[in-house]
Structure formats: structure tokens, C-alpha cells
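Here are the chains, one letter per residue:
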Amino acid sequence: MRNFRESTGSWIEAAEKLADELGIGPTPDKRVPKKKKMPGETADDESRNFSPNLKFRQSINEVLNTISSDLERRLQTVEEVHDLFGFSKGEEMNELNDDDLKKHAKDFAMK
């Protein structure tokens, strides 16, 4: 997934190339409305001056971060379920001796 995130630059370049081939021009920049400042405030809001390209990259990275964290959480949940019930698969259950099977059953009962 991390490699997927790093390749977003090549996606954008490919999309720009395809848009040129199809004769589709870039979207015009939106006018940035002035932000009212409080007295004594001197800093500008930098996020208002980002290019559409950079805003797109940020939103793609946010989506990829969300997907990545959800997948990691789900994988962790599946691993916990496997730890609880993995011993009860038919193949593994046949290979376990009675003492190991009792141990797994007691561990399961304690959880």
C-alpha cells in the first residue's frame, strides 16, 4: 500500500498526458477569497494558496492513509480470530495430540 502511495506522482503525469492527447485543458484555478484577519494577525493561511495539483495529492494521500489503516485494523482482527479458533480447523485438529488439544481448549475457555 505504501508503494501505491509513492506512485501517485506517476498517476498525475499519466492523467495530464492523456488529457493533452484528448484535448482537455487544465481546470482553471479558483479565485481565493480574502480571509479576514484579526487585529495584529500577520500570518497567511498557506493551505489557501496550494495548487489544485497539490490539493489533489493531499486528498489522495488522505484516502490511501484511511484505506491502509483500515486494512491494518482488519488484518489485526482476523489474526485475533485465527489465534482464538485456528486450532479448530480440521487439518490442524487431527494433527494435535490430546494434551495440546486440551491446552488450546482451556486457553479458549479463559478468553
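This text goes with the structure placed above it.
Residues numbered from 1 in each chain as written. Predicted model: local features only at pLDDT ≥ 70, side-chain atom pairs only at ≥ 80, totals over all residues. Heavy atoms only, no water.

### Things to note about the overall build of the protein
What counts is decided by this rule: A helix here means a DSSP run of H or I that spans at least four residues, while a strand means a run of E at least two residues long, and both kinds are numbered starting from the N terminus. Note on classification: 1.4 Å probe, protein chains only; a residue is buried when its accessible area is under 20% of the maximum for its type, exposed when over 50%, partly exposed between these limits. A contact between two residues is defined here by any heavy atoms of the two lying within 4.5 Å. Only the protein chains shown count as cover for residues, with accessible areas throughout obtained via the Shrake-Rupley method and a probe of 1.4 Å.
For the protein, the helix and strand inventory stands at five helices and zero strands. Counting all 111 residues of the protein, 8% fall into the buried class. Put simply, of all contacts in the protein between residues at least 6 apart along the chain, 48% involve residues at least 24 apart. Entry remark: accessible area of the protein is about 10,000 Å², with carbon and sulfur atoms responsible for 55%.

### Some words on a negative patch on the surface
Quick reminder of the rule: Without a salt bridge and with relative accessible area above 30%, a residue can belong to a patch; like charges are then joined within 9 Å and nonpolar side chains (Val, Leu, Ile, Met, Phe, Trp, Tyr) within 5 Å. Only one rule defines a salt bridge in this text: a Lys or Arg side-chain nitrogen within 4 Å of an Asp or Glu carboxyl oxygen. Charge counting follows a simple rule: Lys and Arg are positive, Asp and Glu are negative, and His as well as the terminal groups are ignored. By convention, the point assigned to a charge is CZ for Arg, NZ for Lys, CD for Glu and CG for Asp.
The grouping of Glu13, Glu16, Asp20 and Glu21 at the surface amounts to a negative patch. Within the element layout of this structure, Glu13 appears in helix H2 (residues 8-22).

### A word on a nonpolar patch on the surface
Where nonpolar side chains cluster on the molecular surface, the patch consists of Leu18, Leu22 and Ile24 and spans about 310 Å² of accessible area. Locating Leu18 in the fold gives a position in helix H2. Relative accessible area serves as the criterion here: at 46%, Leu18 is assigned to the partly exposed category.

### A look at the environment of Ile12
Examined against the element boundaries, Ile12 turns out to sit in helix H2. Counting along the chain gives 45 residues from Ile12 to Arg57, while the straight-line C-alpha distance between them is 8.6 Å. For Ile12, the contacting residues outside a window of four places in its chain are Asn53, Phe56 and Arg57.

### Notes on the pattern of salt bridges
Under the definition given, this model contains one salt bridge. The salt bridge involving Arg73 is made with Asp70; its shortest N-O contact spans 3.7 Å. Taken as a pair, Arg73 and Asp70 lie in helix H3 (residues 52-85) at a separation of three residues, close to a single helical turn.

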